[in-house]
Structures are given as structure tokens and as C-alpha cells.
Amino acid sequence: ATRFPMPQRLSNGEYVTAKYWGISKQQIQDLFDRCRADDLWQDEDTVNDFVTKFVRPMTADKGLEMGVALMLNQSHPLAVNLMVSHAWSENARRFFEDVLQGMASDEVAYICFLSNFQGTAEQIKAQLGNRIEYCPFTEVINSADRMLVVPCEELVSAGGLYSRLWCIWEVYAAAEVGIPIIVASARKKHEYLKGDKGDAEGSFADRARCGNPNNPE
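The paragraphs below set out a description of the structure included in this document.

What counts and what doesn't
Residues numbered from 1 in each chain as written. Predicted model: local features only at pLDDT ≥ 70, side-chain atom pairs only at ≥ 80, totals over all residues. Heavy atoms only, no water. Helix = DSSP H or I, 4+ residues; strand = E, 2+ residues; numbered from the N terminus. Buried < 20%, exposed > 50% of the residue type's maximum accessible area, 1.4 Å probe, protein only. Polar contact = N/O pair within 3.5 Å; in protein donor to acceptor, adjacent residues only side chain to side chain. Contact = heavy atoms within 4.5 Å. Phe/Tyr/Trp six-rings, centres within 6.5 Å; stacked < 30°, edge-to-face > 60°.

Describing the side chain of Gln 118
- Tracing the backbone through its elements, the reader meets Gln 118 in the loop between helix H5 (112-115) and helix H6 (121-128).
- Its relative accessible area of 7% is what places Gln 118 among the buried residues.
- Among the polar contacts listed, one links the side chain of Gln 118 to the backbone oxygen of Cys 112, at a separation of 3.2 Å.

Right under this line is the structure:
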């Protein structure tokens, strides 16, 4: 049976779906600056580390199962016009720098670790549903004006960004609806997308997976 994605809910009980889980460029900059000034910040941290250190503590105790983006904009949820496609294994500092460089001042982004509620595994599964054509990523792509693809150094040896099945789906979905797809300016070399063995071994896309590409299990 189809299990549709669970919307997030405001404190007044109003449900809000993914296309309104947006965060502005200024809010991203403010969050980045604030976290970098915190004693917990380390420049070598991954996005996964960032979620553990900063995102979950910001949202876990509110009792609303609300992501950072909606939490910051409860009085006026922001409609997303920029879909950011990326992988969680990346360095958090470089990711924020690439996103801020690639965003226009008036754009509102969907960034999964800031837009989705980062709760338990069951809570995250409930937000995604069980049909990819209805999941938050697809809803956002269908309403966005463009996509910013942010590859990373960490996946170059593991097949590049296209070793991530979610990233392949997001780029495919964006191409299907015809929105512009822009690669972050600092990561445009082919190895960021196909990996450093892409020419010798072919694309890693046929072996792409949702787990950690560096872990064969």
C-alpha cells in the first residue's frame, strides 16, 4: 500500500508539506556563522557530524518534529525555489561555502538535513513515504525554479556524486521537469560527478546505492 509522506506540523496544528520547508540564503549564512563560532565546531566535520552536533539539538526537544528551516520560519513558511542536491559524507564547511557561493540573494533552498526533520529512523521514514514519486525531494523538484548540485571531495575515490542513488534520482527528476541544473562552480570537474576512475571503469551509476559508497556492505 502507498504510504504518503508525513508533512511537518506547525505549533498551531497546521500541516506544511516539503515545498514550504525552505531556508533563505541569509538564514543559511547566519546558521553557518553561529555554528562556526561554537566550541563544538571542527573544520573537518562532515554534514553527518553537523547534524549530530547542531541540527538535532536545535530541533529534538521542541516536540513538533519540525526541521530547522520550518522552525526558523514558523510564522511564514518559505516556498522553495532552489533544490540543493548533495551527499552527507561531504565536509560541512565546504558544503556551506559552496551553497552560499551558488545561491542568489533572493533564493530559498531545500537542503535535506536542514529542511527534513532529523529525528529517529522511523520519523525520517515517515517523512519520505514509500513511493519516490511522492517523496519530499520530488515534490520540491516539481515546484523549484532550478537545482544546485554540490559534489564533494570525499566521494571522488568512491565513484563521485553519481555513486549516490538519491543524487541520481534528483538530477533525473530535475531533467524530466526541465528546470536548470547547475553544478557548484568549485566542483565542476568530471571526477566530482563520476569519480577518479570514471574513464577507466565507466560510470559508477549502475552500482549506485543509498548507503555509504565507501562501505561495500
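Moving on, there is more to tell.
Focus: helix H7 (residues 136-143)
- Among the residues of H7, those classed as buried are Pro 136, Phe 137, Thr 138, Val 140 and Ile 141.
- Contacts made by the buried residues of H7 are with strand E4 (82-85), strand E5 (108-110), H5, H6, strand E6 (146-149) and helix H8 (165-177).

As for unusual backbone geometry
- For Glu 65, which is not glycine, the phi dihedral falls at a positive 50 degrees.
- Summarising the element assignment, Glu 65 is placed in the loop between helix H2 (47-59) and helix H3 (68-72).

What to know about the environment of Arg 146
- Of note, Arg 146 is situated in strand E6.
- Using a relative accessible area of 17% as the deciding quantity, one classes Arg 146 as buried.
- C-alpha separation for the pair Arg 146 and Ile 182, spaced 36 residues apart in sequence, amounts to 7.7 Å.
- Residues contacting Arg 146, with those up to four places away along its chain left out, are Asn 81, Leu 82, Met 83, Gly 102, Met 103, Ala 104, Glu 107, Ile 179, Pro 180 and Ile 182.
- Engagement of the side chain of Arg 146 in a polar contact is seen with the backbone oxygen of Gly 102, the distance being 2.7 Å.

Details of the environment of Leu 78
- For Leu 78, the position within the fold is in the loop between H3 and E4.
- Separated by 55 residues in the primary sequence, Leu 78 and Ile 23 have C-alpha atoms spaced 6.7 Å apart.
- Here Leu 78 is in contact with Lys 19, Tyr 20, Trp 21, Gly 22, Ser 24, Gln 27, Asn 73 and Val 108, once residues within four sequence places are set aside.

Side note on the packing of aromatic side chains
- All told, the structure shown has 15 aromatic pairs when counted by the stated rule.
- Judged by centre distance (5.2 Å) and plane angle (40 degrees), the ring pair of Phe 50 and Phe 54 falls under tilted. One end of the pair, Phe 50, and the other, Phe 54, are both in helix H2, four residues apart, so they sit about a helical turn from each other. For the pair Phe 50 and Phe 54, a shared accessibility class is recorded, and that class is buried.
- For the pair Tyr 110 and Phe 137, a centre-to-centre distance of 5.9 Å together with 85 degrees between the ring planes defines the contact as edge-to-face. Of this pair, Tyr 110 sits in strand E5 while Phe 137 sits in helix H7; the two residues are 27 residues apart in sequence, bridging distant segments of the chain.

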